[in-house]
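Examination of the molecular architecture
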Amino acid sequence: MTELKEIWGKLDQNGPIDKGIEESEIRKALSSDSLGFIAKLKRNVYQKLFITVVLTVGLILSIPFIFPLVSQILMSVLCAAYVLGSLLFYKEYSILKNGIDMSQDILHGLKDYYFRIKRVIHYEEIICLILYPISITSGFLFGMKLANPAIEVMSGPYDWVILIVSILVLTFLSDRFTKWLNRIAFESYLHDLKNHIEELED
Amino acid sequence: MTEKEFISAIKKHIGIIHKILYLYVDDPEDKHDLKQEIQLQAWKSIGKFRGDSQFSTWLYRVALNTVFTYKRKQKITTDPLEHHDSYAENKTEQTDQAELLLRAIKGLHDVDKTIITLHLEDYSNQEIANITGLKANNIGVKIHRIKESLKKKLNPQAS
């Protein structure tokens, strides 16, 4: 091994490793946005939180102007779903907001990263179960009303059956779709993190 | 540490970042992005540098954490020694030997790469354990195994 250390010591003389750095390059790096996975995820969640809050406020302000009563009720249900969605997005954001300590040892850094992303995925799946089916169903019913204002939407039991079945079907489909999207976005990355964690714990 | 002191420390230890980039990353875009990200993460974590370890040790920890948690566009999948034409001819040249060693290390798994690089940089087993989170009594065994693997890569005729 001493021989290998001696060879290693010759690296700095000539070799494929770059040499030096300009101060301007360092200053540019210090003022740049993070390109890390969690930083990108945090920006993405912040955008979703912002949009959800804006939509929530818009919905709340429009309730008094919606008629008939059943539409107001639907709108209120939608508002409640958006409020809950906003809270859950905020919860996700606060998980990601606290930066990971990159000066801790690699094993704990990796574990922090891995479990934080798993928690975010968990909240994303809860949000999809609450927000998306209700949004889509409500949007569908409002669209029906707008297309033919003469029709009294939700006037009979048949309409309610359609509504409930729609929510159940859309909830199931949203859950599958969200899990599929999460697999595409996160699976290989989490797999790599997990492999490294297992190697270090071995 | 002020920004000026930090910049000065980075300039002094930039070799650590460059070595890590060479060993862990092939894609030029990844290299550029990671180089920037390591410096940024080091600056963000500078408040946690208490001076009880050397700046180089602390920088290794930050740099390796950044590399391990970065979503690389391209992983190193081929053995970097496979296409080295002058592998047999220039074995006696010290700098070529160093390059061969570097390439052999580059072909290892990420965790093995980390352990052997820190060992070659003269970190003790306990220091390596502090940086990686591995148990100190496992380090010696792993170094021995990695050394055998490197010897086989560098001297395939002998093995």
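Before any of the text, the structure's been laid out above.
Before going into details, it helps to say that this report is about the structure given with it. (Residues numbered from 1 in each chain as written. Chains lettered and ligands numbered in written order. Predicted model: local features only at pLDDT ≥ 70, side-chain atom pairs only at ≥ 80, totals over all residues. Heavy atoms only, no water.)

All names here are of chain A. Looking at the secondary structure, you find Glu125 in helix H5 (residues 106-147). Separated by 50 residues in sequence, Glu125 and Asp175 place their C-alpha atoms 6.8 Å apart. Look past the residues within four positions of Glu125 in its chain and what remains in contact with it is Thr178, Lys179 and Asn182. (Helix = DSSP H or I, 4+ residues; strand = E, 2+ residues; numbered from the N terminus. Contact = heavy atoms within 4.5 Å.)

Counted according to the given criterion, the structure contains 15 salt bridges over all chains. Linking Lys48(A) and Glu124(A) is a salt bridge whose minimum nitrogen-to-oxygen distance equals 3.1 Å. Taken as a pair, Lys48(A) in helix H3 (residues 37-62) and Glu124(A) in helix H5 lie far apart in primary sequence, 76 residues in all. Classification of Lys48(A) as partly exposed rests on a relative accessible area of 25%. Between Glu99(B) and Arg103(B) there is a salt bridge whose closest N-O contact spans 3.0 Å. (Salt bridge = Lys/Arg side-chain N within 4 Å of Asp/Glu carboxyl O. Buried < 20%, exposed > 50% of the residue type's maximum accessible area, 1.4 Å probe, protein only.)

We now examine helix H8 (residues 136-154) of chain B. All names here are of chain B. The first and last C-alpha atoms of H8 sit 27 Å apart over 19 residues, in line with the 27 Å expected at 1.5 Å per residue. Regarding H8, the residues found buried are Ile139, Lys142, Ile143, Ile146, Lys147, Leu150 and Leu154. Along H8, the residues classed as buried sweep out an arc of 145 degrees about the axis, all on the same side. Opposite the buried face of H8, at more than 90 degrees from it, the exposed residues are Asn137, Val141 and Lys152. (Expected span 1.5 Å × (residues − 1). Arc of directions from axis to C-beta.)

On the side of chain B, 61 residues touch chain A, which itself brings 46 residues to the contact. Counting each side, the surface lost to burial between chain A and chain B is near 5100 Å², with a carbon and sulfur contribution of 65%. Linking chain A with chain B are three salt bridges, by the criterion used here. Between Lys5(A) and Asp122(B) there is a salt bridge, and its shortest N-O distance comes to 3.0 Å. (Buried area = accessible area lost by both parts, 1.4 Å probe.)

All right, on to the packing of aromatic side chains then. Summed over all chains, the structure comprises 12 aromatic pairs over all chains. Between Phe37(A) and Phe186(A) the ring centres are 5.9 Å apart and the planes differ by 70 degrees, which places this aromatic pair in the edge-to-face class. Of this pair, Phe37(A) sits in helix H3 while Phe186(A) sits in helix H6 (residues 157-201); the two residues are 149 residues apart in sequence, bridging distant segments of the chain. Each member of the pair, Phe37(A) together with Phe186(A), is buried. For the pair Tyr24(B) and Phe68(B), a centre-to-centre distance of 6.0 Å together with 55 degrees between the ring planes defines the contact as tilted. Of this pair, Tyr24(B) sits in helix H2 (residues 14-24) while Phe68(B) sits in helix H4 (residues 55-69), and the two are 44 residues apart along the sequence. Taken as a pair, Tyr24(B) and Phe68(B) share a single burial class, namely buried. Through pairs of rings, three or more aromatic residues link up here, namely Phe6(B), Trp43(B), Phe49(B), Phe55(B) and Trp58(B). Over the ring of Tyr22(B) we find Lys106(B); its NZ or CZ atom is 4.2 Å from the centre of that ring. (Phe/Tyr/Trp six-rings, centres within 6.5 Å; stacked < 30°, edge-to-face > 60°. Lys NZ or Arg CZ within 6 Å of the ring centre and 35° of its normal.)

The next point concerns the nonpolar core. Among the nonpolar cores identified, the biggest contains 96 residues, and Tyr113(A), Ile117(A), Phe55(B), Leu64(B), Leu101(B) and Ile105(B) are the most heavily contacted of them. The greatest single-element share of this core, amounting to 12 residues, is contributed by H5(A). For Ile105(B), the contacting residues outside a window of four places in its chain are Trp8(A), Leu23(B), Lys113(B), Ile116(B), Thr117(B), Leu120(B) and Leu150(B). (Core = buried A, V, L, I, M, F, W, Y, C linked by side-chain atoms within 4.5 Å.)

Before going further, it helps to examine a positive patch on the surface. Positive charge collects at one region of the surface, where Lys40(A), Arg43(A), Lys44(B) and Lys71(B) lie side by side. The topology assignment puts Arg43(A) in helix H3. (Patch = residues over 30% accessible without salt bridge, like charges linked within 9 Å, V, L, I, M, F, W, Y side chains within 5 Å. Areas by Shrake-Rupley, 256 points an atom, 1.4 Å probe, with all protein chains shown as cover. Lys, Arg positive; Asp, Glu negative; His and termini not counted. Charge placed at Lys NZ, Arg CZ, Asp CG, Glu CD.)

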